[in-house]
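Chain and residue survey
Listed below are the residues making up each chain.
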Amino acid sequence: MTAHEIDYRIYGEEMQYVEIELDPDEGVIAEAGSFMMMDDGIKMETIFGDGSQKDSGFLGKILGAGKRILTGESLFMTAFYNNLVGKRNVSFASPYPGKILPIDLTAFGGKFICQKDAFLCAAKGVSIGIEFSKKLGRGLFGGEGFIMQKLEGDGMAFVHAGGTMAKKELQAGETLKVDTGCIVGFTQGVDYDIEFVGGIKNTIFGGEGLFFAKLQGPGVVYIQSLPFSRLAGRVLASAPRGGGKDKGEGSILGGLGDLLDGDNRF
């Protein structure tokens, strides 16, 4: 498998986007909805699966599309090709505040495992598949179920991490414990399992869930400070309920409490 050799540049801080430079006959694949802008002359095409060589033939394309259903994604992906002479640019944006992580699959042995919703775009020829969990505890309590995304090939891929991103390089036997939702991805040498928090008080009153992820080296792990599930939970918790009132309006202080909180909406 030989992926297209694309050049790129990442712009922004909190809300980033990646600009891909395509030489003639080069292409890039992306998740539906991540497209931001492109130069005139780039051809856009909707495809089954990821369009990699693994999906050659009708049956291969059907299987590739089926894999995407298992990860909760659309049946289709979007491919962008530069069919003209000269360089052309196409850009893809982050879905929510965070960082875009460029991954050179060659440097990671041709394989990288990430959360189901982390993938943003990749060079044409990179295979986006599924990684099944072989451990019952990880599948039942890992927050991501039995299935994660698997990026394979020898090209560049880009994934998105929410909030601030941390990179941890684990030595052989070194262990890192992480909130299950905070994992962005890891290299193929990392062993991933789920561990019970333990303790009656921690279980009932800890507020951090009953399980956390246990990652053991050797390998590289990427962690995000703001998983989308956590962001969405906070937004829903603060949303107005029944009659348009927000959380503070049902308190004893009511509007006075809003003033004290710095909420001056009159």
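Now for a description of the structure that goes with this document. (Residues numbered from 1 in each chain as written. Predicted model: local features only at pLDDT ≥ 70, side-chain atom pairs only at ≥ 80, totals over all residues. Heavy atoms only, no water.)

Below, the discussion takes up the overall build of the chain. If you tally the helices and strands in the chain, you get five helices and 19 strands. Classification of the 266 residues of the chain by burial places 43% in the buried group. Across the chain, contacts joining residues at least 24 apart in sequence account for 76% of those joining residues at least 6 apart. Working note: accessible area of the chain is about 14000 Å², and carbon and sulfur atoms make up 57% of it. (Helix = DSSP H or I, 4+ residues; strand = E, 2+ residues; numbered from the N terminus. Buried < 20%, exposed > 50% of the residue type's maximum accessible area, 1.4 Å probe, protein only. Contact = heavy atoms within 4.5 Å. Areas by Shrake-Rupley, 256 points an atom, 1.4 Å probe, with all protein chains shown as cover.)

The next subject is the sheet that holds strand S5 (residues 42-48). Adjacent strands of a sheet pair through backbone hydrogen bonds, lying either parallel or antiparallel. Within the open sheet, the six strands sit side by side as S5-S6-S3-S10-S13-S8. Their pairing is antiparallel. Every other strand in the sheet has two partners, leaving S5 and strand S8 (98-104) as the edge strands with one partner each. If you compare each strand with its neighbour and ignore which way they point, the axes differ by 20° on average. As judged from the four bridges shared by strand S3 (residues 27-30) and strand S6 (residues 76-82), these two strands associate in the antiparallel manner. Looking at S6, one finds that Ile29 is bridged to Ala79. (Pairing = 2+ DSSP bridges. Axes fitted to C-alpha atoms, helices over the stretch in contact; angles between N-to-C directions.)

Attention now moves to the sheet that holds strand S18 (residues 211-216). Spatially, the three strands line up as an open sheet ordered S15-S18-S17, and their pairing is antiparallel. The open sheet has two edge strands, strand S15 (175-178) and strand S17 (191-196), and neither has a second partner. Direction aside, the axes of adjacent strands within the sheet are offset by 30° on average. Note that S15 and S18 share four bridges and pair antiparallel. Bridge pairing in S18 links Leu176 to Leu215.

We now examine a nonpolar patch on the surface. On the surface, a cluster of nonpolar side chains totalling about 440 Å² of accessible area is made up of Phe35, Met36, Met37, Met38 and Met44. The element best represented in the nonpolar patch is strand S4 (residues 35-38), accounting for four residues. Its location among the elements puts Met38 in strand S4. (Patch = residues over 30% accessible without salt bridge, like charges linked within 9 Å, V, L, I, M, F, W, Y side chains within 5 Å. Salt bridge = Lys/Arg side-chain N within 4 Å of Asp/Glu carboxyl O.)

On to the pairing of strand S1 (residues 7-11), then. Two elements, S1 and strand S2 (residues 17-22), share five bridges in a ladder whose sense is antiparallel. Bridging from a neighbouring strand, Arg9 pairs with Glu19 of S2. Hairpin connection, S1 to S2: the antiparallel pair is bridged by five residues, and Gly12 has positive phi, about 95°.

Before going further, it helps to examine the nonpolar core. Grouped together as the largest cluster of nonpolar side chains are 40 residues, with contacts concentrated most on Ile20, Phe92 and Leu151. Phe92 has contacts with Tyr17, Val18, Ile20, Val28, Ala30, Ser34, Phe35, Met36, Phe80, Ile100, Leu120 and Cys121, leaving out every residue within four places of it along the chain. With 15 residues, the next largest nonpolar core counts Val178, Cys182, Ile183 and Ala213 among its residues. (Core = buried A, V, L, I, M, F, W, Y, C linked by side-chain atoms within 4.5 Å.)

With that out of the way, let us pick up unusual backbone geometry. Between Gly217 and the following residue, Pro218, the backbone shows a cis peptide bond with an omega angle of 20°. Position of Pro218 among the secondary structure elements: in the loop between S18 and strand S19 (219-224). Backbone geometry places Asp25, a non-glycine residue, at a positive phi of 70°. Topologically, Asp25 is positioned in the loop between S2 and S3. When its relative accessible area of 60% is taken as the criterion, Asp25 is described as exposed.

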